[in-house]
Structures are given as C-alpha cells and as structure tokens.
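The lines below spell out each chain.
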Amino acid sequence: MLEFSVSERKLQSALSIQRYIHTMGVVKEAKKLAKHYNADVYKCSYAGLLHDCAKDYTDDMKIRFCREYHIPVDDVMKENMDISHQFIGAEVAKREYLVEDTEIINAIKYHTTGRADMYITEKIVFIADYIEEGRKKFDTLYEARKLAYENIDAAMKFILKSTIEYVKSRNRRLHPLSVEAYEYYKKL
Ligand SMILES: [Fe+2]
Ligand SMILES: [Fe+2]
C-alpha cells in the first residue's frame, strides 16, 4: 500500500476540486468515527481517501474499466453507470495504490450500495460519505449525524432507508446489494 501522503497527491490529479474537497471531508469524518468506535484510524481514513477514486471517470471510461477489470455490469448498473464507481474504485485501489487489505478494499467496494454484515471499516466509510461536513444540507442529514455517534448500526439502517426512499422517489431501480443491506440492518 502506498503511503497516505503519496496516495493523497496521486489522487488529487484524478479528482475534480469539488470531489477532492468532499474526499478530504470523508477522511476527516472517518477518522473521527474510527476514534469514537475504537476502529483502525489508518484503515478508515485510507479507505475514505480512496473511496471515490473512480467517481469522476466518464460513463465511457466506466464501461471500459468494467470490461477490463471483469466487473459484471448488472441491469441496475446499466441504467445508472455511476454505481460502478464503487467496484472500479476497489480495483483501482488494488492496482494503482497497491492496497491489499480486505477491509479497505471492501469499504471502497460497497460505499454506495452497502451490503449485509459489513466490517466496521466499511460502515465507517459508508456513514462518513453521507454525513461529512461539506455535504449540502438535506432533510435526513441531521438525524444521520446524530445517530452516527450514538449507534452505528442504527445509523446504517437509517441511511440505507433514506437512500432507498430517495432512489424510489426518482423512479430509479434499487441495487440488490442495497436491499440486502437494508434487510440485514433493519433486523438488528
Ligand atoms: Fe462514491
Ligand atoms: Fe463520496
């Protein structure tokens, strides 16, 4: 794995300014959450740093990278290629940033959809992405910020539910991973 500062510089050239600012907000929040929950601060901030490394690729590039990295493009992804940035990002983290740690890779790989039974590092990045300080104010943000530091699984459930409702309100199809994740965290 490259050193944090080396990855930070490398990443800066791959992201728009807006995305870079968002990314550093996620790093900051992930660090805070990791300390709060006694998780691995380095892993959480490193995964936060790389989580959107493939987000600014164009749709054409996303399609090309899915082919090159053998990432299956399911029906939901076909309709919304943006989702693929989590899977491509995980591959880029392995290949370009030499990440081998499963928790970091998974945290990038499932930061948009979530999945059932996530590692603490994955949950922290998922939540930090939603609540970081630069996020424009929206209805569910305050509740998510409060829950994030009270009960991490309740925060997962709340964010997944809000995300699912948002996707439905825009008449878009839900990714099966999000549905599985919500079903899982709903029961806890
Ligand atoms: Fe993302
Ligand atoms: Fe993000």
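This text goes with the structure placed above it.
Residues numbered from 1 in each chain as written. Chains lettered and ligands numbered in written order. Predicted model: local features only at pLDDT ≥ 70, side-chain atom pairs only at ≥ 80, totals over all residues. Heavy atoms only, no water.

Chemist: I'd like a description of helix 2 (residues 17–36), backed by residues and values.
Modeler: For helix 2, spanning 20 residues, the distance from its first C-alpha to its last is 29 Å, which sits close to the expected 28 Å at 1.5 Å a residue. If you check which residues of helix 2 are buried, you get Y20, H22, T23, G25, V26, V27, E29, A30, L33 and A34. Close packing links the buried residues of helix 2 with helix 1 (4–12), helix 3 (41–50), helix 8 (120–131) and helix 9 (141–150). Two residues or fewer after helix 2 comes N38, characterised by a positive phi angle close to 55°. (Helix = DSSP H or I, 4+ residues; strand = E, 2+ residues; numbered from the N terminus. Expected span 1.5 Å × (residues − 1). Buried < 20%, exposed > 50% of the residue type's maximum accessible area, 1.4 Å probe, protein only. Contact = heavy atoms within 4.5 Å.)

Chemist: Now, about the coordination of the iron ion (ligand 1): what can you tell me, with residues and values included?
Modeler: Protein coordination at the iron ion (ligand 1): the donors are D52 (OD), H85 (NE2) and H111 (NE2), at 2.0 to 2.1 Å from the metal. A spacing of 3.5 Å is found between the iron ion (ligand 1) and the iron ion (ligand 2), which share D52 as a donor. A residue pair is termed long-range when its members are at least 10 positions apart, and D52 in the loop between helix 3 and helix 4 (59–68) and H85 in helix 6 (residues 84–96) qualify at 33 residues. Here H85 falls in the buried class, since its relative accessible area comes to 2%. (Donors = N, O, S within 2.8 Å, 3.2 Å for Na, K, Ca; no water.)

Chemist: Explain the packing of aromatic side chains to me, using residue names and the numbers behind them.
Modeler: Here the structure, examined in full by the defined rule, presents seven aromatic pairs. Centroid distance Y42 to Y46: 5.8 Å. Interplanar angle 55°. Geometry classified as tilted. Taken as a pair, Y42 and Y46 lie in helix 3 at a separation of four residues, close to a single helical turn. With a centroid separation of 5.4 Å and an interplanar angle of 45°, the aromatic rings of F65 and Y69 are classed as tilted. For the residue pair F65 and Y69, the accessibility class agrees, reading buried in each case. One Lys or Arg, K10, reaches over the ring of Y97 and ends 5.3 Å from the middle of that ring. Residue placement shows R64 over the ring face of F65; its charged tip is 5.7 Å from the ring centre. (Phe/Tyr/Trp six-rings, centres within 6.5 Å; stacked < 30°, edge-to-face > 60°. Lys NZ or Arg CZ within 6 Å of the ring centre and 35° of its normal.)

Note that all results are geometric; they support no functional claim without further evidence.
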